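A structural walkthrough
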Amino acid sequence: MKILTEFNAENFLEAEGFPIVPRILAKSKHEAYLAGKKLGFPVVLKVSSEELLHKSEKNAVKLNIDQFKFDKAYDELDKIPIKKQGIVVQKFLNGKYILLGLKKDPTFGHVIVVGLGGIYTEIIKDVSMRITPIKRQDAIDMLKELKSYKILEGFRGEKVNINLIVEELLKLSKLSEKYPNITELDINPLIANEHSARIVDARIVFE
């Protein structure tokens, strides 16, 4: 078994044509601050570690960090007592949080999943599933099955480009055919708004 944690998983997906939010892996506070200036504040700061699967449980993510909040946010992450690859600095994006995933079932093969993403995924459990491969209409139907679909359609003026999510589902379906040895793939979240849909966190497990 081989596990690709966040930064490496994102590199893999980016090479396969998936849209990844601009990010830089920093090894020091100075590198992280320069990365923030290069990407443009506000940013997201996240611990990158093979020991950390759910960052929110250890407060290992700091959102919407500007120059004035940077020092405090970085120091808090740096003090978390785990072995780190570094601190990932990402451009901060506004939008709806979407979960995308693949699971390899011993009977059916790969199953593709879409749902409401973010830290409440396991509580809300608003997901739709299909056996791969899927076609465009399958992807559209999956989204329409979600209880949260009305939120994606546009709630209080906050629209999401549904077509961009559909495209990522189709790419994920093709990825399962290209790499049959993927046992788990979690994208949580894909941040989608009216203009873009970009992956900000991912994890992949290979056989």
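Scope of this entry: the structure provided in the associated data block.

This part is about the packing of aromatic side chains. Within this structure, the stated rule accounts for six aromatic pairs. Ring geometry for Phe-12 against Phe-206: centres 5.6 Å apart, planes inclined by 85°, an arrangement best described as edge-to-face. Of this pair, Phe-12 sits in helix 1 (residues 6–15) while Phe-206 sits in strand 11 (residues 202–206), and the two are 194 residues apart along the sequence. Summarising the burial analysis for this pair, Phe-12 and Phe-206 share the class buried. Geometrically, the ring pair formed by Tyr-33 and Phe-41 is tilted, given 5.6 Å between the ring centres and 45° between the ring planes. Accessibility expressed as a relative area gives 30% for Tyr-33, which makes it partly exposed.

Let us look at the pattern of salt bridges. Enumeration over the complete set of coordinates arrives at 17 salt bridges. A salt bridge links Lys-29 to Asp-71, with the shortest nitrogen-to-oxygen separation between them at 3.9 Å. Of the two residues, Lys-29 sits in helix 2 (residues 29–39) while Asp-71 sits in helix 3 (residues 70–78), which places them 42 residues apart along the sequence. For Arg-130, the salt bridge identified is with Glu-145, shortest N-O distance 2.6 Å. Taken as a pair, Arg-130 in strand 8 (residues 127–131) and Glu-145 in the loop between helix 5 (136–144) and helix 6 (149–154) lie far apart in primary sequence, 15 residues in all.

Right, let's talk about the sheet that holds strand 3 (residues 43–48) for a bit. Strand order across the open sheet formed by four strands is 2-5-3-4, with antiparallel pairing between neighbours. Each of the sheet's edge strands pairs with one partner strand only, and the pair in question is strand 2 (23–26) and strand 4 (61–65). When strand polarity is set aside, the average angle formed by the axes of neighbouring strands in this sheet is 20°. Bridge analysis of strand 3 against strand 5 (residues 86–91) gives six bridges, and the strand direction is antiparallel.

Once that is clear, we can look at unusual backbone geometry. Outside of glycine, negative phi angles account for most residues, and trans bonds account for most peptide bonds. In this structure, Pro-133 follows Thr-132 across a cis peptide bond, with omega equal to 0°. As for its position among the elements, Pro-133 is in the loop between strand 8 and helix 5. Along the chain, Asn-188 connects to Pro-189 via a cis peptide bond; the corresponding omega equals 10°. Here Pro-189 shows up in strand 9 (residues 182–192).

The next point concerns the packing of helix 5 against helix 7 (residues 162–178). Here helix 5 crosses helix 7 at 120°, and the two axes come no closer than 9 Å. Between helix 5 and helix 7, the interaxial angle falls into the category oblique. Helix 5 and helix 7 meet at a crossing whose hand is right-handed. Between helix 5 and helix 7, the residues in contact are Arg-136, Ala-139, Ile-140 and Leu-143 and Ile-162, Ile-165, Val-166, Glu-167, Leu-169 and Leu-170, respectively. The class makeup of the residues in the contact of helix 5 with helix 7 is eight nonpolar, no polar and two charged.

About the criteria used
Residues numbered from 1 in each chain as written. Predicted model: local features only at pLDDT ≥ 70, side-chain atom pairs only at ≥ 80, totals over all residues. Heavy atoms only, no water. Phe/Tyr/Trp six-rings, centres within 6.5 Å; stacked < 30°, edge-to-face > 60°. Helix = DSSP H or I, 4+ residues; strand = E, 2+ residues; numbered from the N terminus. Buried < 20%, exposed > 50% of the residue type's maximum accessible area, 1.4 Å probe, protein only. Salt bridge = Lys/Arg side-chain N within 4 Å of Asp/Glu carboxyl O. Pairing = 2+ DSSP bridges. Axes fitted to C-alpha atoms, helices over the stretch in contact; angles between N-to-C directions. Parallel < 35°, antiparallel > 145°, perpendicular 65-115°, else oblique. Left-handed = near helix turned anticlockwise from the far one by under 90°. Contact = heavy atoms within 4.5 Å. Nonpolar A, V, L, I, M, F, W, Y, C, P; charged D, E, K, R; others polar.

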